[in-house]
Amino acid sequence: MTQDELKAAVAKEAIKHVVDDLPVGVGTGSTANFFIDELAKIKGRIAGAVPSSERTAERLRGHGIRILELNNVNELPVYVDGADEITEHMAMIKGGGGALTREKIVAAVAKKFVCIADETKLVPVLGKFPLPVEVIPMARSYVARMMVKLGGQPRLRENFATDNGNAILDVHGLAILNPLELEAKINNIAGVVTVGLFALRGADVLLLGTGQGVRTLTRK
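Residues numbered from 1 in each chain as written. Predicted model: local features only at pLDDT ≥ 70, side-chain atom pairs only at ≥ 80, totals over all residues. Heavy atoms only, no water.

A. Here's a closer look at the sheet that holds strand β5 (residues 92-93). Read from one edge of the open sheet, three strands run β4-β5-β11, paired in antiparallel fashion. Strand pairing shows two members of the sheet lacking a second neighbour, β4 (85-86) and β11 (197-198), which therefore form its edges. Of the pairings in the sheet, the one linking β5 to β11 comprises two bridges and is antiparallel in character. In the strand pairing of β11, isoleucine 93 is matched with leucine 197. (Pairing = 2+ DSSP bridges. Helix = DSSP H or I, 4+ residues; strand = E, 2+ residues; numbered from the N terminus.)

B. How the structure looks around the sheet that holds strand β13 (residues 213-218). Read from one edge to the other, the open sheet built from six strands follows the order β2-β1-β3-β6-β12-β13, with strand pairing classed as mixed. Of all the strands in the sheet, the pair left with one neighbour each is β2 (48-51) and β13. Between one strand axis and the next, the sheet turns by 25° as a mean value, whatever way the strands run. Across four bridges, the pairing between strand β3 (residues 78-81) and strand β6 (residues 112-118) is parallel. Among the inter-strand pairings, aspartate 81 is bridged to a residue of β6, identified as cysteine 115. (Axes fitted to C-alpha atoms, helices over the stretch in contact; angles between N-to-C directions.)

C. Spatial organisation of the packing of helix α2 (residues 30-39) against helix α3 (residues 54-62). For the pair α2 and α3, interaxial distance at closest approach is 10 Å and the crossing angle is 25°. It follows that α2 is roughly parallel to α3 by the angle criterion. Crossing angle aside, the handedness with which α2 passes α3 is right-handed. Facing α2, whose interface residues are Asn33, Ile36, Asp37 and Leu39, α3 presents Thr56, Arg59 and Leu60. Taken together, the residues of the contact of α2 with α3 break down into three nonpolar, two polar and two charged. (Parallel < 35°, antiparallel > 145°, perpendicular 65-115°, else oblique. Left-handed = near helix turned anticlockwise from the far one by under 90°. Contact = heavy atoms within 4.5 Å. Nonpolar A, V, L, I, M, F, W, Y, C, P; charged D, E, K, R; others polar.)

D. Expanded view of a nonpolar patch on the surface. Among the surface-exposed residues, Ile136, Met138 and Val193 lie close enough to one another that they form a single nonpolar patch of about 310 Å² accessible area. With respect to the helices and strands, methionine 138 occurs in the loop between β7 (131-135) and α5 (140-149). You can call methionine 138 exposed: its relative accessible area is 80%. (Patch = residues over 30% accessible without salt bridge, like charges linked within 9 Å, V, L, I, M, F, W, Y side chains within 5 Å. Areas by Shrake-Rupley, 256 points an atom, 1.4 Å probe, with all protein chains shown as cover. Salt bridge = Lys/Arg side-chain N within 4 Å of Asp/Glu carboxyl O. Buried < 20%, exposed > 50% of the residue type's maximum accessible area, 1.4 Å probe, protein only.)

E. Geometry of the packing of helix α1 (residues 3-14) against α2. Look at α1 against α2: their axes get within 8 Å of each other, and the N-to-C directions meet at 50°. Taken together, α1 and α2 sit at an angle that is classed as oblique. Read as a crossing pair, α1 and α2 show a hand that is right-handed. Contacts between α1 and α2 involve Asp4, Lys7, Ala8, Val10, Ala11, Lys12 and Ala14 from the former and Ser30, Thr31, Phe34, Phe35 and Glu38 from the latter.

F. How the structure looks around α5. All buried positions along α5 are accounted for by Val143, Ala144 and Met147. Taken end-on, α5 shows its buried residues confined to a sector of 105°, consistent with a single buried face. Those residues of α5 that are exposed and aimed more than 90 degrees away from the buried face are Arg145, Val148 and Lys149. After α5 finishes, the residue glycine 151 shows a positive phi value of roughly 95°. (Arc of directions from axis to C-beta.)

Right, here's the structure in full:
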C-alpha cells in the first residue's frame, strides 16, 4: 500500500470515534485532510467541526462542514489529528505544518485525542524529526540560544509565519528520552508560545496504518 492509501485507511477508521450530534476537533496536515474528506460523508451527523488552523477551516468549508469557534463549544468529545512522530507511549512531535499551538489548544479541550498515522511515524525515541518551537518574533534569538544549551541545533523556518503571526524554530539533533520533562522545560522559556511536543497531553488512541491493515494502540 502507498503512504496515501495508509492515510486514507486510518482516516476512515477514525470516523468510528466521531460522536453524533456533537462537534469534532480536526487537526492539520496531509493525514488530517484525508479525515476531513471522510468527515464530509457524514457531515449531517455532526454539530460541526473545530479547526486547528486556517488551512483546515478552509478545507472544511469547501466540504460544506459547519465551522465552530472553540470558545463557543462546551463539549468536545474527540479531536482527530496526525503526528510527525509518535511513540508507543503516545507522546508525539507535531508542528511540521506549523499549526502546533492551535492543535495543542484543541487537543487540551477534547476528551479523547485520536492520532491517525501511517507506520513510518511510529518511533522508539522522538527527535529524528526536527522539533518545532513557536516563538514570539522578538524572542527568536534568545530561544535559539536556549535550544543550543539543551543540545539542539535550531533553524529558523524561513519565510513562514504561524496563524498567530509568530516564528517557528525547528530544532534538530535532539534525542528526546523524557518528552514530559523536555516539554515542560521548553514551555517555561520566556518567548516560547508552545513546543511541538505533545506528551503532557498525548494521544489516547493511535490508529496506525500498516500493510496488514489498521492497528489500534491505546494509552497504557
